[in-house]
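# Per-entry structural report
The chain contents come next:
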Amino acid sequence: MADFEVPELKEYPVIPHIQEGTMAHSKPFVAKEQFQEPLGFPGELVDNWQQVAYDKMEELTGKYRSLAVFLDSCVKCGACTDKCHYYLGTSDPKNMPVARQDLFRKVYRRKFTFAGKYFPKLVGAVDLTKDVLDDWYSYFHQCSQCRRCSVFCPYGIDTAEISMAAREVMDSIGVGQKYCNEIIAKVYKIGNNLGLPQPALVDTLEGLEEDIEDDTGVKVRLPVDEKGADILVVTPSADFFAEPHVDGLMGYAKVFHEAGVSWTLSSHASEAANFGMFIGSYENMRKVSLRIREAALDLGVKRIIFGECGHAWRVAYSFLNTLAGPFDFLDPKYPVPMHIMEFTYDLIQRGALTLDKSANDDMVLTYHDSCNVARASRMGPKPGGQFILPREVIKASCNHFYDMPQDTIHEATYCCGGGGGLLTDDLMELRVKGALPRMEALKYVVEKHGVTHMAAICAICKSQFAKVMPYYGFQMDSIVSVHQLVSNAIVLGNKQ
Amino acid sequence: MPFLTIVYALLFYVATALLVVGLASKIRQYAKTPAPLKIPTTPAPVTRTGVVMRMFRELVFFESLFKSNKWIWIFGWMFHYGMFLVLARHLRYFTDPVWTWVDLIQPFGMYAAFAMSAGLLGLWARRILVDRVRYISALSDHLMLALLFAIAGTGLMMDYVTHTDIVAVKAFFRGLMVFSWQPLPQDPVLLIHLALVAILMIIFPISKLLHAPGVFFSPTRNQVDNPREKRHLSAWAAELEK
């Protein structure tokens, strides 16, 4: 099935010994000119790229306190060395968070610190040569920006910040990644990552309405571009037709139907994902975010709710107010934005939904905390709500739920292996190997509790697992959306 | 005035100046650099008070390191708090009369010196024995441990092997503080101890020891988790809105 060795699932997680260079060949396709220029980046490697890169590094360390502090503060204690799923899955030492940071740090030291300028050998400082740039391109595209290392670092050093900066430096010299940059360009042109134009979107949603009616006999609407609706729903475009995403979307529609609220999708902001974050570009992230503000103003909604998407929820929860606020034109009674999980959880708490748990009796479930939701956002008023709300919604929708081992969930959750702009076929080996720790944790509950399905609330996680689970002997449809469970269990037309 | 006294007096003036100016300029840089986005590692406190508590646990108990790796945690904690007590104990050489609490901790300061040394050796052993940590160690990482261990070792030697005229040492440092130079005892162990301390002070602001001020400025730890409630906007980001 694969032209690389799929790691073996062990009984107990083992920290591998380092094997240098095992993933040096892993590189995503480089973006061509047509994908670079819409984002404001040069189309190919610029002539004086070294100097441009240094200037960009200086600019970024002056613009981001995180970067300035993180580059200086690492003491090489080693606490992070066994925390990255890509290291655990590949044994390549450059996938240890500190070593990945050091690819950037050693150039920073050489150019911008006293020790690196005058004693480069002593502190391991080097110039940004072509070889170093190649290493950057390879290994900064082996970081899913999941922030697991940051949880365990005594100074909170977040490798995601450094890989974002490195990608921005590379973009600025004309070495962008095709997958991310092509997608961002598509959002600018059409409105979503998949390049799904408005008529196709309308068609798709009508088809889903028919499916729900065929299935339940109830007319549940999936409106788009309806002016005057109360709620704008922004969801990852994968929800429109990928499996199991689409089952989640139908779940949201049923929940809104039961709540009796008026809502709409927008064809202008038909994408919750914001790949501007993955490439570390504030400007591009802002430009993508502003589409949501424009849609909200244009449609005259009172609230904004986000669908199931991990990094999108990070951008929405943590950054949207900064990037596209203030949202003083929306109803101040509700947080801006809200997560669909907060909306559904609230209805369940108020007894406003009738859920027949037995509808999901064919499944024994576990839940995968998506990295960006777990470590870069919140749900509800209390810290840690992002762990509680999805689990409560799942438990309200099914009879059989078991958590995976403690050191693989909540804030210690493992990335699916495909986040951070790596969900592309040209990185399949990395994606499969990076999923190892999650697959081991899943295997544990499969054997111990007979778990059959894993629920998630992230479009990337769902696509990634559907693709890589078969490599480890799991069914591709054993990954489900949380609102798919709600969709199965919800009894329509019960509450009037 | 003995030549060595002049050298050491000048050395400590220079070292102190470099330490203070270097650290101040780094702290100023960190404080002035904006944090344009809310990036606390969540779950994070939702109030300022909560953040103060988080930072307190981080600084006093090394909370994140405890979650991460118990060996690094125990060695790191022994080293840092051992050194902290040892430094506090050294205040007796700079105060007259000696503050009461400094008097009270004198006996503990001795144990602390052993704890500090043991912690350093533990960290060093990991750096050599664990392949992952060996891979990420540069020469400077080993030298830093060597320097700290040598400082602790020469300090302990003066207690257990070869005493120096501690009253004269105190007079030397008290003298430095008021620019009235007093002769420094010429014991080799003392001279080595002091020279190494001066080196440590000089390299502090240009080395990884910057983690000390850095930890206070780490946005993943010191930010309040309230992006929906309160709009966070840096000056350069606000420019984009114009």
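Predicted model only: the values in this text are computed from it and were never measured.

This paragraph deals with the domain arrangement of chain A. Residue and element names in this part refer to chain A. Domain boundaries assigned for chain A yield domain 1 (33-176) and domain 2 (185-402 + 451-489). Distance from the C-alpha centre of domain 1 to the C-alpha centre of domain 2: 32 Å. Tallying the contact residues gives 14 residues for domain 1 and 11 residues for domain 2. Secondary structure elements with two or more residues in the side of domain 1 that touches domain 2: α9 (148-152) and α10 (159-172). In terms of residues, the side of domain 1 that touches domain 2 owes the most to one element, α10, which gives five residues. Residues that form the side of domain 1 that touches domain 2 fall into these classes: seven nonpolar, two polar and five charged.

It is worth spelling out the interface of chain B and chain A at this point. Listed by partner, the interface residues are 56 residues for chain B and 59 residues for chain A. Those elements giving two or more residues to the side of chain B that touches chain A turn out to be α1 (3-32), α3 (63-68), α4 (70-89), α7 (131-136), α8 (139-160), α11 (211-217), α12 (219-222) and α13 (235-240) of chain B. For the side of chain B that touches chain A, the element with the highest residue contribution is α7(B), accounting for five residues. When grouped by side-chain class, the residues that make up the side of chain B that touches chain A number 29 nonpolar, 16 polar and 11 charged.

Moving on: the nonpolar core. Judged by nonpolar contacts, the single largest core of 194 residues is most densely connected at A:Ala165, A:Leu232, A:Phe306, A:Ala455 and B:Met116. Ranked by the residues each element gives to this core, the list is headed by helix α15 (residues 310-324) of chain A, at nine residues. Core analysis: the next-biggest nonpolar cluster, separate from the first, contains five residues, B:Tyr8, B:Phe172, B:Leu190 and B:Leu194 among them.

All names here are of chain A. Taken together, the three strands give an open sheet; going across it, the order is β5-β6-β7, and neighbouring strands pair in parallel fashion. Both edges of this open sheet fall to β5 (365-367) and β7 (479-481), since each of them pairs with a single strand only. Going across the sheet, the axis of each strand differs from the next one's by a mean of 40°, ignoring polarity. The pairing of β5 with strand β6 (residues 453-456) spans three bridges and is parallel. Bridging across to β6, Tyr-367 finds its partner in Ala-455. Sitting on the sheet, helix α22 (residues 482-489) touches β6 and β7, and the angle it makes with β7 is about 70°.

Residues and elements named next belong to chain B. Relative orientation of the contacting elements α4 and helix α6 (residues 106-129) amounts to 145°, with a least axis distance of 7 Å. For α4 against α6, the interelement crossing comes out left-handed. Each residue belonging to the contact of α4 with α6 can be placed in one class, and the counts come to 16 nonpolar, six polar and two charged.

Attention now moves to the environment of A:Leu330. All names here are of chain A. Secondary-structure assignment places Leu-330 in the loop between α15 and β4 (338-339). With 100 residues separating them along the chain, Leu-330 and Asp-230 place their C-alpha atoms 9.7 Å apart. In this structure Leu-330 touches Ala-296, Lys-302, Arg-303, Ile-304 and Val-336, once residues within four positions along its chain are discounted.

Okay, the confidence of the model for chain B next. Residue-level pLDDT values for chain B average 96, and 100% of them are 70 or greater. Here the predicted complex scores 0.96 on pTM and 0.96 on ipTM.

Definitions and cut-offs
- Residues numbered from 1 in each chain as written.
- Chains lettered and ligands numbered in written order.
- Predicted model: local features only at pLDDT ≥ 70, side-chain atom pairs only at ≥ 80, totals over all residues.
- Domains from an automatic or database assignment.
- Contact = placed C-beta atoms within 7 Å.
- Helix = DSSP H or I, 4+ residues; strand = E, 2+ residues; numbered from the N terminus.
- Nonpolar A, V, L, I, M, F, W, Y, C, P; charged D, E, K, R; others polar.
- Core = buried A, V, L, I, M, F, W, Y, C linked by C-beta atoms within 7 Å.
- Buried ≥ 20, exposed ≤ 12 C-beta atoms within 10 Å, placed from the backbone.
- Pairing = 2+ DSSP bridges.
- Axes fitted to C-alpha atoms, helices over the stretch in contact; angles between N-to-C directions.
- Left-handed = near helix turned anticlockwise from the far one by under 90°.
- pLDDT = per-residue confidence, 0-100.

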